[in-house]
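# Observations on the model geometry
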Amino acid sequence: MIHSMGGGVIREYDNLIYVFVQIEDGLDKGVKRWYISPFVLIKVGDRVEVECGTKTAFATVLRVENVTAQTAPFPVNRTREILRIVL
């Protein structure tokens, strides 16, 4: 457990799976974003469904990284999760 300078405790996260995806459809087509994956077996090239604004969209996984909250490429509290892997 890590303590902050203000006397509080900074929450520790276990390893997280961050994936970098490219949106395939809708107004955000071509946009690339980071998401957290609850799926351990996700891999580059998988097609996934993600929240994109107030709608959902399909996306292609471009990169997969195992990180901690301290090494995450985007703040954990601002990162959405992948909804599902599309088969």
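Residues numbered from 1 in each chain as written. Predicted model: local features only at pLDDT ≥ 70, side-chain atom pairs only at ≥ 80, totals over all residues. Heavy atoms only, no water.

### Quick notes on the sheet that holds strand E6 (residues 55-67)
Put simply, the rule is: Here, any two strands with at least 2 DSSP bridges between them count as paired. Each helix corresponds to a stretch of at least 4 residues labelled H or I by DSSP, and each strand to a stretch of at least 2 residues labelled E; elements are numbered beginning at the N terminus. Angles here are taken between N-to-C directions and fall from 0 to 180 degrees, while the axes themselves are lines fitted to C-alpha atoms, restricted in helices to the stretch in contact.
If you walk across this open sheet you meet the 5 strands as E4-E3-E6-E5-E7, and the pairing is antiparallel. Since the sheet does not close on itself, it has two edges, and those belong to strand E4 (32-36) and strand E7 (82-86), each with one partner. Between one strand axis and the next, the sheet turns through 40 degrees on average, direction left out of account. Pairing geometry for strand E3 (residues 16-23) and E4, over 5 bridges, is antiparallel. Paired with glutamine 22 across the two strands is lysine 32, which belongs to E4.

### Examining the nonpolar core
For soluble globular proteins, nonpolar side chains are generally found buried alongside one another. Under the convention used in this document: What we call a nonpolar core is a set of buried Ala, Val, Leu, Ile, Met, Phe, Trp, Tyr and Cys residues that are connected through their side-chain atoms within 4.5 Å. Buried means the residue's accessible area, taken with a 1.4 Å probe over protein chains only, is under 20% of the maximum for its type, while exposed means over 50%, and partly exposed covers the values in between. Contacts are residue-level and defined by heavy atoms, with any inter-residue pair within 4.5 Å sufficient.
Core analysis: the biggest nonpolar cluster contains 13 residues, and Val19, Val21, Ile23 and Val48 have the highest contact counts within it. Those elements that provide at least two residues to this core are E3, strand E5 (47-52) and E6. Here valine 21 is in contact with Val31, Lys32, Arg33, Tyr35, Val48, Ala59, Thr60, Val61 and Leu62, once residues within four sequence places are set aside. Residues Leu16, Tyr18, Ile36 and Val67 belong to the second largest nonpolar core, which totals 7 residues.

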